[in-house]
Amino acid sequence: MKKFFLLLILGLSLFMVGGCADVPDEVRKNIDTYRGGDDAKASEDSSFTYLPLSELEENAASALQKEYGQFRLADNIVCSIPEEISLVTLQYLYQKDLEDHYMDAFSLFFTQQEIDAQKIERGYSQTDDDFINYYFKNEEEQLYGECGNDGYLAIYKPDAYEVRFANINCPNVKIYHVDRNDDLSDEYRLKDGECTVAEAVDYINDWLETEYKQFEPDYDYKVKTVIVREYGEVYFFEITAEAFYHGVPLDSFTSEFFFDEDVIRMYQTYTYSRVDIQMMNVCRIDSIQNAYGILEPVQTEPADAFISLESALQYCEKTFTDFRDITISDIGIKYTLSPVYDYIGVEVPVENGIIIYSHPAYGPGIEVVSRPVWEFIIDVDPAEFLQRDENGELEPNPYGDMRRYIYIDMLSGELHFKMDVDLY
């Protein structure tokens with residue numbers, strides 16, 4: 001059955017700010033409905049500068065050349081400005097013809113003989129009447145496949161099956177940020193041969209464009225990070241690819257939940273969309289999982305003016321006064337993703353002492369609101385969260401891409417950040 005993992009709930013502070021120029025009309029129109037309204041108020045006395053899209057690139061180039069008192073900018077930051085930035089409403093896929101779809105998905109990874117030999121079952125969700133999936137788990141041959149009518153896909157072949165289901169700890173040796181133009185020429189010994197990080201990235205990018213795109217035609221997927229993990233005497237690549245919608249990436253990282261004590265419900269305030277792949281063998285996909293499912297764009301509303309990078313950096317400089325000597329590792333524009341639920345603020349229905357949930361945290365048909373934000377990434381050195389052994393050496397690192405982050409909404413100026421390091 002489909003496995004859902006709730007990540008640690010993050011207690012983060014939210015602040016709202018507006019612009020020194022008049023706040024654009026689309027901000028005022030959307031601010032009262034964005035994330036519930038009560039915690040979203042545009043300020044009249046902030047120092048943000050709004051610019052048309054055509055002027056963002058020149059402003060960004062200038063902003064990256066300046067110095068800031070509370071932090072420094074990494075030397076290799078390149079801030080790309082897309083040709084279009086909008087307010088995009090998305091919806092988790094509702095695949096009505098799943099009986100045909102799941103075979104297409106399985107056939108990308110298994111031979112017809114392998115598929116015919118599996119005991120494929122139809123599953124349901126106890127909290128969502130709309131959700132169904134087809135899945136099999138073959139422990140003897142170490143094969144797993146699952147496809148849901150929300151677009152969720154999970155595949156594990158034998159070499160990745162043990163890592164996934166036996167919970168084997170595979171230390172993180174090194175992380176390569178492909179989206180930051182890291183040097184990818186390093187070569188590693190995988191199970192069946194040598195492979196450079198660049199070769200793996202090229203193979204996956206090509207596969208995403210030629211094979212996987214049939215399932216998510218609205219997006220262009222590109223590899224974002226490659227984590228090299230140690231597996232016995234060899235290594236494997238843990239690859240994350242992010243989805244671009246008209247040149248802007250969907251959030252591939254943030255997952256936060258909020259428990260509403262008034263209605264006794266938990267809902268997801270931020271979710272992510274991405275494809276995770278394990279490459280245990282040279283240029284072969286040994287496992288794949290596409291986060292919570294497939295998001296389909298259902299409505300796009302263009303915006304006319306956006307908070308400039310320079311004024312966003314200046315606001316960070318004035319806001320984070322308790323921090324010193326921080327290095328911002330990367331800066332970019334992305335769409336955050338916030339699901340919309342029908343039960344927020346609604347009295348909880350209870351039958352025989354059991355809460356009746358009208359909406360799961362994710363599932364087919366759930367609406368997701370996106371917001372364009374300036375994203376400031378602060379990489380976390382493993383020395384900050386790993387212990388040292390008796391020889392002073394850091395213990396093996398089981399974690400992935402550890403980061404702090406700051407998001408500033410490009411339309412409303414809402415500030416959202418995470419400066420703590422949570423290990424989970």
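Data block above holds the structure.
Model, not experiment: these values are computed from the prediction.

### A word on the overall build of the protein
The helix and strand tally for the protein stands at seven helices and 27 strands. Across the 424 residues that make up the protein, the buried fraction comes to 54%. A total accessible area of about 20,000 Å² is found for the protein, and carbon and sulfur atoms account for 44% of it.

### Regarding the pattern of salt bridges
Evaluated as defined, the whole model comprises 19 salt bridges. In this structure, Arg229 engages Glu238 in a salt bridge whose closest nitrogen and oxygen atoms are separated by 3.0 Å. Exposure remark for Glu238: the relative accessible area of 23% places this residue in the partly exposed category. The partner of Arg403 in a salt bridge is Glu375, and the shortest N-O contact between them spans 3.8 Å. Here Glu375 lies in strand E25 (residues 367-379) and Arg403 lies in strand E26 (residues 403-409), a separation of 28 residues in the sequence. The exposure class assigned to Arg403 is buried, which follows from its relative accessible area of 5%.

### Details of helix H2 (residues 53-64)
With 12 residues, H2 extends 17 Å from end C-alpha to end C-alpha; this agrees with the ideal 16 Å at 1.5 Å per step. Here H2 has its buried residues at Leu56, Asn59, Ala60, Ala63 and Leu64. Down the axis, H2 shows its buried residues gathered within 125 degrees of arc, on one side only. For H2, the exposed residues lying more than 90 degrees away from the buried face are Ser54, Glu57 and Glu58. On its buried face, H2 is in contact with strand E2 (50-52), strand E3 (71-73), strand E20 (305-307), helix H7 (309-319) and strand E22 (330-340).

### Thoughts on the pairing of strand E10 (residues 187-190)
With burial as the criterion, only one face of E10 is covered, namely that bearing Tyr188 and Leu190; the residues Glu187 and Arg189 on the opposite face remain uncovered. Two strands pair when backbone bridges link them, and E10 and strand E11 (residues 193-196) are joined in this way by four bridges, in the antiparallel orientation. Its bridge partner being in E11, Arg189 is matched across the sheet by Glu194. Hairpin connection between E10 and E11: a loop of two residues separates the two successive antiparallel strands.

Thresholds, definitions, all that
- Residue positions are counted from 1 within each chain, in the order its sequence is given.
- For this predicted model, a pLDDT threshold of at least 70 governs which residues receive local features, and a threshold of 80 or more governs which side-chain atom pairs are given and counted, while totals over whole chains, interfaces and linings are taken from all residues.
- With hydrogens and water stripped out, all remaining heavy atoms of the structure feed into the side-chain values.
- Per the convention used, a helix needs a DSSP run of H or I reaching at least four residues, while a strand needs a run of E reaching at least two, with both numbered from the N terminus.
- Exposure categories follow from relative accessible area, calculated using a 1.4 Å probe and restricted to protein chains: below 20% of the type maximum is buried, above 50% is exposed, and the middle band is partly exposed.
- Reported accessibility uses the Shrake-Rupley method at a 1.4 Å probe radius. Residues are deemed covered only where the shown protein chains occlude them.
- Criterion for a salt bridge: a side-chain nitrogen of Lys or Arg within 4 Å of a carboxyl oxygen of Asp or Glu.
- A helix is expected to span 1.5 Å for every residue after the first.
- Directions drawn from the helix axis to the C-beta atoms are what define this arc.
- Residue contacts are defined here by distance: any two heavy atoms, one from each residue, within 4.5 Å place the two residues in contact.
- Strands pair, by our definition, only if DSSP identifies at least two bridges between them.

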